[in-house]
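The chain contents come next:
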Protein chains: 2
Amino acid sequence: MTIEQIKETEQRFLDYVNKISHYEEAVGLMTWDLRTGAPKKGIARRGEAAGTLSSEIFHMNTSESMKAFLSELKTSEAWENIQEVTRRAVLECEENLKKFENVPPEEFKAYVILTARSEAAWEEAKESGDFQTMLPYLEQIIAYQRKYAGWKGFKDHPYNALLDDYEPGLTVETVDAVFSRLKQAIVPLVEKIQKEGAAPETNFLFHPFPKEKQESFSREVLKSMGYDFEAGRLDTTVHPFAVGLNTGDVRVTTKYDEKDFRTAVFGTIHEGGHALYEQNISPQLDGTPLSGGASMGIHESQSLFWENFVGRHINFWKKHYPVLKNYAAGQFDDIPLEKFYRAVNAAGPSLIRIEADELTYCLHIILRYELEKALINGEMEAADLPEAWNDKMEELFGIRPSHDGEGVLQDVHWPGGAFGYFPSYALGYVYAAQLKHAMIQDLPEFDKLLEEGRLKPVKDWLTENVHKHGKAEKPLDIIQKATGEKVNADYLIQYLTDKYSAVYKL
Amino acid sequence: MTIEQIKETEQRFLDYVNKISHYEEAVGLMTWDLRTGAPKKGIARRGEAAGTLSSEIFHMNTSESMKAFLSELKTSEAWENIQEVTRRAVLECEENLKKFENVPPEEFKAYVILTARSEAAWEEAKESGDFQTMLPYLEQIIAYQRKYAGWKGFKDHPYNALLDDYEPGLTVETVDAVFSRLKQAIVPLVEKIQKEGAAPETNFLFHPFPKEKQESFSREVLKSMGYDFEAGRLDTTVHPFAVGLNTGDVRVTTKYDEKDFRTAVFGTIHEGGHALYEQNISPQLDGTPLSGGASMGIHESQSLFWENFVGRHINFWKKHYPVLKNYAAGQFDDIPLEKFYRAVNAAGPSLIRIEADELTYCLHIILRYELEKALINGEMEAADLPEAWNDKMEELFGIRPSHDGEGVLQDVHWPGGAFGYFPSYALGYVYAAQLKHAMIQDLPEFDKLLEEGRLKPVKDWLTENVHKHGKAEKPLDIIQKATGEKVNADYLIQYLTDKYSAVYKL
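Cut-offs and rules
Residues numbered from 1 in each chain as written. Chains lettered and ligands numbered in written order. Predicted model: local features only at pLDDT ≥ 70, side-chain atom pairs only at ≥ 80, totals over all residues. Heavy atoms only, no water. Helix = DSSP H or I, 4+ residues; strand = E, 2+ residues; numbered from the N terminus. Rg over C-alpha atoms; globule rule 2.2 N^0.38 Å. Buried < 20%, exposed > 50% of the residue type's maximum accessible area, 1.4 Å probe, protein only. Areas by Shrake-Rupley, 256 points an atom, 1.4 Å probe, with all protein chains shown as cover. Lys, Arg positive; Asp, Glu negative; His and termini not counted. Charge placed at Lys NZ, Arg CZ, Asp CG, Glu CD. Pairing = 2+ DSSP bridges. Axes fitted to C-alpha atoms, helices over the stretch in contact; angles between N-to-C directions. Contact = heavy atoms within 4.5 Å. Salt bridge = Lys/Arg side-chain N within 4 Å of Asp/Glu carboxyl O. Polar contact = N/O pair within 3.5 Å; in protein donor to acceptor, adjacent residues only side chain to side chain. Nonpolar A, V, L, I, M, F, W, Y, C, P; charged D, E, K, R; others polar. UniProt positions renumbered as here; feature names shortened; annotations may be inferred. Expected span 1.5 Å × (residues − 1). Bend = angle between axes of the 7 residues up to and from the residue. Phe/Tyr/Trp six-rings, centres within 6.5 Å; stacked < 30°, edge-to-face > 60°. Domains from an automatic or database assignment. Buried area = accessible area lost by both parts, 1.4 Å probe. Least-squares fit on C-alpha atoms with pLDDT ≥ 70 in both. Patch = residues over 30% accessible without salt bridge, like charges linked within 9 Å, V, L, I, M, F, W, Y side chains within 5 Å.

Brief notes about the overall build of chain A
Okay, step 1: The number of helices and strands found in chain A is 21 helices and 3 strands.
Okay, step 2: At 23 Å, chain A has a C-alpha radius of gyration in line with the 23 Å of a compact globule built from 506 residues.
Okay, step 3: By its C-alpha atoms, chain A is 75 × 50 × 50 Å across when sized along the principal axes.
Okay, step 4: Put simply, chain A has 506 residues, and 56% of those count as buried.
Okay, step 5: Entry remark: accessible area of chain A is about 20,700 Å², with carbon and sulfur atoms responsible for 50%.
Okay, step 6: Of the charged side chains in chain A, 57 are positive and 80 negative, and the gap between their average positions amounts to 3 Å.

Right, here's the structure in full:
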């Protein structure tokens, strides 16, 4: 090929992936709309329309055109003459293709239908706590996941194939090491604060706090984090999320519980952390498959950084507690800051992951990880899940669910087929603690910045070290470059030990 | 072809048009979002994404696959063995195809870019009243429209080709006849009320009326019209519109002027009329090109029916005035119903079409129609527009714009290339008066229904005679079947004469 031909092929490839990004933007908006206020009678047809566009995306990602682009651009003469961003986009498309290359189309189609039905059945099964109605679905989903690992290919452990979908490059070996360190540290710490700690008083948290006031406060907090309302908006939903439609349109959703303001405040900060990530990806990556988060874990590192390392820090509240008091209907008037701070950091064993505190959260993930690994490995079957779940709850938390609705059926992930996803939650937390440690080398005045409400340097550091790269860097490379280390659980353990020893006055 | 093969082709055709409808739903949502709250930094990329999907729709509508479907399904053996709804969909697709069949693709592409630029330039030209900056755009647009009429083909008058795009089957001959009757009746009526009429007092209309209260009232009115909030929602925008994403999701937008509550109230009723139409199209037509309004004129007949024949009727306010009073901040407390009714029906010459009253509205349309026809016919050139516009304003209204921003530049239609569109506004009004006349034959208790706020029979009559057909019937057939007549301006003239003689106490 002549240089001119190479440039021409490169441009056609970039146009092609740009077109895919346009379809993704449409589907993203349709999903956002479905979850924030689409009228219910239009939902069925909307679902079909989104399905049509999603199939088209799948088709474009795996088409003969895509394969031709990749093979043409990967010839050594082309490779040397295309831009770096194109090279990374090519590699990303290749990874994407690999996921599906060996999946028999009929099996994939049947699986999409299966998980749609399974998700639909799940709501009711969770409500009634009836595991048996979910069992046939889970059996088929797990059977598919086992086959999928084989189709995709893996080294050492079939679960590695699934991990890699959510956290490229991550292996069972690493997760085992990190999670076993966390377990060894957190389980005894939780026991200790329960037995020897001074439990914070929390009842004053649950007084009525009008929605509109919560919303105003949430908006102020988002602004102080550096969230750009000219490139996003805040809406209400049932299961909060953030979504980047493009880097100039990254939306946050939240929900308001008038009896527990923490839901909205910490939920908004969490989703705001996800949104800051997507707002600050380099515009150079716009319209390529690299304009997104590097992985689920890196994404979660951003939401958890803001939720926990900023939002649950005493100095953040030195600045924001007076503001919160202004919005609240008097419930904090007689509560000193220290008492408020300890209350919002109360921790202890609980049954439900999404309601868990920052200390015990990882244990919920470890439980799921251990079960998933055994299921994919064939050491365990779907039918064994309820018993195994409850036993592990007892082992890790010292409590047992009274029914499967508050146990094995609580999350939509398995009914939806998302095996390999859970570890990224805890891993993101580990990353966040590592990033915090690295950040304070550059910003030793971190605590003071929080106290003064000057969060821009914090955001800028994250943009420089994480956000801007989008998907152009691999997650483990981002962590290595930003922190100078591989994944390391020590910083999180240190943080939790120090913080909870103080909060519980050990 | 065997019956089985025919059935199979029919199904593939229905799947194909269903897919097109899914793309249209996505573009519709993207447009709604852009106009109701999308953050401004995301607009540029959103526009590109919507452009990509729109091109795809154009491509599917004019593709070789589409042509093959049409020719296969139109063979006499296929035609007799497919469903009626498929036959109508085939005819609709054929019409659609005809519009573009002979348009040279390069010319079309250049024209799309031209009108996008022209629309962008228009905002500023309107603001500054500078016609010269728009002139080169208008010259090129008019040149294209003249060629387009030739490519599409026409009988008698090239403007017929353009009319037919918005009002299938309509001709200059009909419009000339209808509009000349209207002109002859309305011009002297307007003069008479100005000279001899008792002008209603209106200053009490313009007191501050809080937005939230206006919104609550607007919602009540929409509900009383039978608008289904489970199949729609109400949002705020700058230029109000209604949009049917699917029959279960038909959205209304409005705007609130705190100094003039009429903007929101009559605007919401107007858009609500459009929305009722789309909510009540037969679900049998879902996913076909027939699931939409029959024409711009029929659509406008629905919005104007509700806005004028219901919303500006004294009996509507017998029911709703007390409700409005409750929401208002005291501004109507001392105003009797009769005085209020006359005030919201004040009429007279004005420069701006979108602010015109129901009496003079048609004259604004007639002015545009006469100019468009002369432009397309080659009797006039774009450069002649300002002078011709101002002369016609003088002839029809007795007033002259002080600059082109409040004259020839006021509407986006011409800069956007929408020649042939304007007549449907006035035609819709004529249809609405005809429908009203036919309706009271079946519902002689019409006035009483309004007084009691029982609007369901009114909505049901419109659903039965208009809404349910969607695009499966031609506009002129709908009017013929519903009213037993061709287009007839008499009913509108009678309505306006009677009403304004009373309001102005002639």
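Still more to cover.
Things to note about the sheet that holds strand β1 (residues 234-236) of chain A
Residues and elements named next belong to chain A.
Okay, step 1: Strands sit in the order β1-β3-β2 across an open sheet of 3 strands; the sheet is mixed. Whereas interior strands pair on both sides, the edge strands pair on one side only; in this sheet they are β1 and β2 (242-246). For this sheet, the mean angle separating the axes of adjacent strands, direction not counted, is 25°.
Okay, step 2: Here 3 bridges tie β1 to strand β3 (residues 249-254), and the two strands are oriented parallel to one another.

Focus: the interface of chain B and chain A
Okay, step 1: Between chain B and chain A, the residue contacts involve 38 residues of the former and 38 residues of the latter.
Okay, step 2: Between E230 of chain B and K40 of chain A there is a salt bridge, with its nearest N and O atoms 3.7 Å apart.
Okay, step 3: Taken together, the links from chain B to chain A amount to 27 residue pairs in polar contact (both at pLDDT 80 or more).
Okay, step 4: Listed by contribution, the elements that provide at least two residues to the side of chain B that touches chain A are α1 (3-36), α2 (43-62), β2 (242-246) and β3 (249-254) of chain B.
Okay, step 5: Ranked by the residues each element gives to the side of chain B that touches chain A, the list is headed by α1 of chain B, at 12 residues.
Okay, step 6: Taken together, the residues of the side of chain B that touches chain A break down into 12 nonpolar, 11 polar and 15 charged.

Some details on the UniProt feature "binding site: Zn(2+)" (unreviewed entry) in chain A
Residues and elements named next belong to chain A.
Okay, step 1: In the numbering used here, UniProt assigns the feature "binding site: Zn(2+)" (unreviewed entry) to H270, H274 and E300. Separation in sequence by 31 residues is not matched in space for these annotated residues, since their most distant C-alpha atoms are only 8.7 Å apart.
Okay, step 2: With respect to the helices, strands and loops of the structure, H274 is situated in helix α11 (residues 262-279).
Okay, step 3: Given a relative accessible area of 11%, H274 falls into the buried group.
Okay, step 4: Beyond its immediate sequence surroundings of up to four residues, H274 is in contact with A242, H299, E300 and S303.
Okay, step 5: Topologically, E300 is positioned in helix α12 (residues 296-310).
Okay, step 6: Taking relative accessible area as the criterion, E300 reaches 8% and is therefore assigned buried.
Okay, step 7: Contacts of E300, omitting those with residues within four sequence positions, involve H270, H274, F305, S424, Y425 and G428.

What to know about the pattern of salt bridges
Okay, step 1: Taken as a whole, this structure holds 84 salt bridges over all chains when the rule is applied.
Okay, step 2: Across the pair K339 of chain B and E201 of chain B runs a salt bridge, and its minimum N-O distance is 3.3 Å. One end of the pair, K339 of chain B, is in helix α14 (residues 337-344); the other, E201 of chain B, is in the loop between α9 (172-196) and α10 (211-225), and 138 residues separate them in sequence.
Okay, step 3: What makes K339 of chain B partly exposed here is its relative accessible area of 30%.
Okay, step 4: One continuous salt-bridge network, built from bridges that share partners, spans E25, D249 and R251 of chain A together with D33 and R46 of chain B.

Considerations on α12 of chain A
Residue and element names in this part refer to chain A.
Okay, step 1: Spanning 15 residues, α12 covers 20 Å between terminal C-alpha atoms, matching the ideal 21 Å at 1.5 Å per step.
Okay, step 2: At L304, α12 shows its maximal kink, close to 35°.
Okay, step 3: Most of α12 sits out of view: 14 of its 15 residues are buried.
Okay, step 4: The opening residue of α12 is S295, an N-cap whose side-chain oxygen sits 3.3 Å from the backbone nitrogen of G297.

Re the packing of aromatic side chains
Okay, step 1: Enumeration over the complete set of coordinates arrives at 73 aromatic pairs over all chains.
Okay, step 2: Relative to F419 of chain A, the ring of W414 of chain A lies with its centre 5.7 Å away and its plane at 5°, an arrangement referred to as stacked.
Okay, step 3: Since its relative accessible area comes to 4%, W414 of chain A is described here as buried.
Okay, step 4: Ring geometry for Y144 of chain B and W151 of chain B: centres 5.6 Å apart, planes at 70°, overall edge-to-face.
Okay, step 5: An aromatic cluster is built from F204, F209, F217, F261, F266, F316, W317, Y321, Y327, F332 and F340 of chain A, whose rings are joined through pairwise contacts.

A look at the domain arrangement of chain A
All names here are of chain A.
Okay, step 1: According to the domain assignment, chain A consists of domain 1 (3-101) and domain 2 (203-348 + 431-474).
Okay, step 2: For domain 1 and domain 2, the distance between their C-alpha centres works out to 30 Å.
Okay, step 3: Contact residues are listed per partner, giving 16 residues for domain 1 and 21 residues for domain 2.
Okay, step 4: Between domain 1 and domain 2, roughly 1,500 Å² of surface is buried when both sides are summed, and carbon and sulfur atoms account for 61% of that area.
Okay, step 5: Three residues stand out in domain 1 for area buried against domain 2, namely W32, R35 and E92, and they jointly supply 40% of the buried area on that side.

Section: the sheet that holds strand β1 (residues 234-236) of chain B
The strands that make up a sheet pair up through hydrogen bonds in the backbone, lying either parallel or antiparallel.
Residues and elements named next belong to chain B.
Okay, step 1: Reading across from one edge, β1-β3-β2 is the order of the 3 strands in this open sheet, with mixed pairing throughout. In the strand order of this sheet, the two ends are held by β1 and β2, each with one partner. Neighbouring strand axes in the sheet, compared pairwise and without regard to direction, differ in orientation by 25° on average.
Okay, step 2: Along the sheet face, helix α11 (residues 262-279) touches β1, β2 and β3 and points at about 165° away from the line of β3.

Some details on the relation of the copies chain B and chain A
Both copies of the chain are tied together by a single rotation about an axis and a shift running along it.
Okay, step 1: Superposition of chain B onto chain A requires a rotation of 180° combined with a translation of 0.0 Å along the rotation axis, giving an RMSD of 0.0 Å. The transformation just described matches what one would write down for a two-fold rotation axis. Taking the C-alpha atom as reference, chain B places A26 of chain B closest to the rotation axis, 3.1 Å from it.
Okay, step 2: The residues that chain B uses at the interface reappear at the interface of chain A in 100% of cases, marking a shared surface.

Regarding a negative patch on the surface
All names here are of chain A.
Okay, step 1: The grouping of E119, E123, E124 and E127 at the surface amounts to a negative patch.
Okay, step 2: For E124, the location among the structural elements is in helix α6 (residues 105-128).
Okay, step 3: Residue class for E124 comes out exposed when judged on its relative accessible area of 63%.

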